[in-house]
Amino acid sequence: MIKKIAVLTLLASTAAVIGTFAAEHPGKEYILKNGYQGPKTCEVCHPGKAREFIGTVHWTHASKVDNVDGVKPNEVYGMRNRNYTMCNGNDIVNNLKEIPANDKGKTKFSGCNSCHPGDHASDVGSSGPAAEAAIDCLLCHSVKYDFSKRKPIKLKDGSVIIGQDRSVVAATNLGRPSNKTCMTCHEAAGGGVLIKRGFAMTASADVHAAKKMVCIDCHVVKNHKMPTGFDPNNWAHDGLRVSCAGQCHTEKPHKDAAIDNHTSKIACQTCHIPKTGGATAKDFTKWTKLDNGFYEPSTLKKEVNETTPAYAWYNLTVANRPEFIGPKGSRNDGKSKIYPFKVFQGKAFFNKKNGELLSMDFAQPSANGNTLAGVASATKILGIKDYEPVPGWQTIYFGSNHQVAPKKNTLSCTSCHAPNGVLNFKGLGYSDAEISKLTNPEIYFQRLLEKQEEW
Amino acid sequence: MKKTVSIIVMAVLMMVSIVALSRTAQADEGKMVGTISKLEMSADKKTATVVLKDSKSGEDVTIIITDDLTLDKFNDKRIVEGDEIRCKFEKEGGKNSSKMFKKTAGC
């Protein structure tokens, strides 16, 4: 009861400050009087924030990684330099640029590092005074940000920068970062809206969103470090972790012991996040021509809540091979739990000489569908000389950590223990004898009988 | 008496279901990629009327948008004139009402 009141108070106070501060931002008068000259204006009262920010993953797009096979302990990894078949490139290979004209004579800007709160002149991972001055603080902190100003612009010297809204209107209307603040980038990752992770933080899709909770209520930000979890495909991190059990819930949160008994073997997400969405497969070797004359990677898409996850043991360490990125673990290692994953499969070019996945510059294929020209450009950028491209598939397991379903859609006893349940007990390592026990109605019959309403 | 009533009820039910069925058959679904050539918000900010220039045919298609998430994106200019959109819509009462309205761009 006390716990419930505490939670309600927390929610109420959270709700009160959503969108705006509880009180007016104390810096408003100063900015009205002196104008907004970028981060240095904020630093008058918040010294050190810019330098702090450029040390985080949201600026560097990389960090040291220690739970993934085959990575070097002293190097950094992230969207800056990784290559995998959701994107088949990274900030380096797909540096923001104007692509060649298509057959209708049209060009456009394209690049992975457009998901970066700098101005591109100061790019991913840059540092020093110019980088600190280039941070788009208002992108995350203003509630009156004019997003039409945040777009690529080609300068006279041919270089491309990303515009920012540095108006006094934006700078004098600060508010708490909301879902849409974070979704500015997280929504369109992977080449379009809800392609990569395919989760929506909307009231209908998630019980927390229905209670007006926002990203940073769970991802509690500390000195601009954003906590993350252990999605096998999210390597870069700021050293802080968030999980269901910990700051918000306990390992035994149910009134019902029969459910609590599962939590040492089954992750919370497995029962509570029964569906996901987003792209399930892409082909980077053959692009699809759109009516506008541009091409895009051929993509099979699913709406939010349309995809059933795959279930696997996961001990929070990650297998990383050219054909597979995903969870490691087993029933017997004493550390693993069964987690849900969104399985994605991507076809791209591999180097026959060493079996490694090759990356692709999107400029050429976007304009004319020539995917091998994209590979040639990428290998040139990376200095890879000895290669022979052959098409192949890679399977990736993405964590499925959002869209906590309403209670009625939570997996129930029979979702798993009926003979046609969602878990492949055999694949998960259970013996035939164990399976016949786990799929015997004895496990749930009496309980469901008692709960069954008269009919 | 009982029988007549039930016959009438049956008849009404059948008519209703026929109407309902033909309705669903009529509810035309459209899909297109197009560029926003005009974007207008209603005074109460609860609907927007958008003209999309179909990339394939070059024709103008008028779409009505009522979902909050998309309206909000018009409000802070996350979606503006000139943006390219992937849209699914349904013909309802002579109007095209949007069922999905997403920018084609991503990163």
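Residues numbered from 1 in each chain as written. Chains lettered and ligands numbered in written order. Predicted model: local features only at pLDDT ≥ 70, side-chain atom pairs only at ≥ 80, totals over all residues. Heavy atoms only, no water.

Along the backbone of chain B there are two helices and five strands. Its helices and strands taken in sequence order, chain B reads α-β-β-β-α-β-β from the N to the C terminus. Out of the 107 residues in chain B, the part that is buried amounts to 34%. The contacts of chain B with a sequence gap of at least 6 include a subset with a gap of at least 24, amounting to 46%. For chain B, the exposed surface amounts to about 7000 Å²; the carbon and sulfur share of it is 59%. (Helix = DSSP H or I, 4+ residues; strand = E, 2+ residues; numbered from the N terminus. Buried < 20%, exposed > 50% of the residue type's maximum accessible area, 1.4 Å probe, protein only. Contact = heavy atoms within 4.5 Å. Areas by Shrake-Rupley, 256 points an atom, 1.4 Å probe, with all protein chains shown as cover.)

A few words now on the overall build of chain A. Summing up its helical and strand segments, chain A has 18 helices and 13 strands in all. For chain A, the spread of C-alpha atoms along the principal axes amounts to about 75 × 60 × 45 Å. Counting the 455 residues in chain A, one finds 46% classified as buried. Looking at chain A alone, contacts between residues at least 24 apart form 67% of all its contacts between residues at least 6 apart. Of the roughly 23300 Å² that chain A leaves accessible, carbon and sulfur atoms contribute 57%. For chain A, the centre of its 57 positive side-chain charges and the centre of its 42 negative side-chain charges are spaced 1 Å apart. (Lys, Arg positive; Asp, Glu negative; His and termini not counted. Charge placed at Lys NZ, Arg CZ, Asp CG, Glu CD.)

Moving on to the pattern of salt bridges. Under the definition given, this model contains 26 salt bridges over all chains. With a shortest N-O distance of 3.6 Å, E24 of chain A and K28 of chain A are connected by a salt bridge. The shortest N-O distance in the salt bridge between R86 of chain B and E296 of chain A comes to 2.9 Å. Here R86 of chain B is found in strand 4 (residues 84-92), whereas its partner E296 of chain A is found in strand 8 (residues 295-307) on a different chain. Put simply, K180 of chain A together with D72, D76 and R78 of chain B are held in one network by salt bridges that share partners. (Salt bridge = Lys/Arg side-chain N within 4 Å of Asp/Glu carboxyl O.)

The next subject is the interface of chain A and chain B. With 26 residues of chain A at the contact, the number on the chain B side is 19 residues. For the pair chain A and chain B, the summed buried area comes to about 1800 Å², and 47% of that belongs to carbon and sulfur atoms. Linking chain A with chain B are five salt bridges, by the criterion used here. Taken together, chain A and chain B are joined by ten residue pairs in polar contact (both at pLDDT 80 or more). (Buried area = accessible area lost by both parts, 1.4 Å probe. Polar contact = N/O pair within 3.5 Å; in protein donor to acceptor, adjacent residues only side chain to side chain.)

Often, the extent of an interface is quoted as the loss of accessible area on bringing the components together. Residue and element names in this part refer to chain A. By the assigned domains, chain A splits into domain 1 (28-411) and domain 2 (413-455). Between the C-alpha centres of domain 1 and domain 2 there is a distance of 37 Å. Opposite the ten residues of domain 1 that make contact, domain 2 presents twelve residues. Of all residues in domain 1, Y311, R331 and L411 bury the most surface against domain 2, accounting for 54% of the area lost on that side. Where domain 1 touches domain 2, the interface holds two salt bridges. R331 is paired through a salt bridge with E434; the nearest N and O atoms lie 2.7 Å apart. Only helix 12 (257-260) and strand 9 (310-314) provide two or more residues apiece to the side of domain 1 that touches domain 2. (Domains from an automatic or database assignment.)

Segments scoring low in pLDDT should not have their predicted coordinates read at a detailed level. Confidence along chain A averages 94 in pLDDT terms, with 95% of residues attaining 70 or more. Every residue in residues 1-19 of chain A scores below 50 in pLDDT, and together they form twelve contacts with partners more than four places removed in sequence or on other chains. (pLDDT = per-residue confidence, 0-100.)

All names here are of chain A. Alignment of strand 10 (residues 318-321) against strand 11 (residues 324-327), held across four bridges, turns out to be antiparallel. In the sheet register, A319 faces strand 11, and the bridge partner there is G326. What sits between strand 10 and strand 11 in their antiparallel hairpin is a turn of two residues. (Pairing = 2+ DSSP bridges.)

This next bit is on helix 15 (residues 371-382) of chain A. Residue and element names in this part refer to chain A. Taking 1.5 Å per residue as the helical rise, helix 15 with its twelve residues ought to reach 16 Å, and the 17 Å between its terminal C-alpha atoms agrees with that figure. Inspection of helix 15 places T371, G374, V375, S377, A378 and T379 among the buried residues, and these make up the whole buried set. The N-capping residue of helix 15, defined by a side-chain oxygen 3.3 Å from the backbone nitrogen of L372, is N370. (Expected span 1.5 Å × (residues − 1).)

Along the chain, H417 of chain A turns up in helix 16 (residues 413-417). Setting aside chain neighbours within four positions, we find H417 of chain A in contact with H262, F425, L438, T439, N440, I443 and Y444 of chain A.

This next bit is on the packing of aromatic side chains. Under the counting rule described, the total for this entry stands at 14 aromatic pairs over all chains. Measuring from ring centre to ring centre gives 5.4 Å for Y314 of chain A and Y339 of chain A, while their planes differ by 80°; the resulting arrangement is edge-to-face. In this pair, Y314 of chain A sits in strand 9 while Y339 of chain A sits in strand 12 (residues 337-351), placing the two residues 25 residues apart along the sequence. Taking relative accessible area as the criterion, Y339 of chain A reaches 17% and is therefore assigned buried. On the basis of an interplanar angle of 80° and a centroid distance of 6.4 Å, the ring pair of F344 of chain A and F398 of chain A is categorised as edge-to-face. On the criterion of sequence distance, the pair formed by F344 of chain A in strand 12 and F398 of chain A in strand 13 (residues 389-399) is long-range, its members being 54 residues apart. The residues F344 of chain A and F398 of chain A share a single accessibility class, namely buried. The side chain of R82 of chain A reaches across the aromatic face of W235 of chain A, ending 3.6 Å from its centre. Of note, R78 of chain B hangs over the ring of F147 of chain A, and the distance from its end group to the ring centre comes to 3.8 Å. (Phe/Tyr/Trp six-rings, centres within 6.5 Å; stacked < 30°, edge-to-face > 60°. Lys NZ or Arg CZ within 6 Å of the ring centre and 35° of its normal.)

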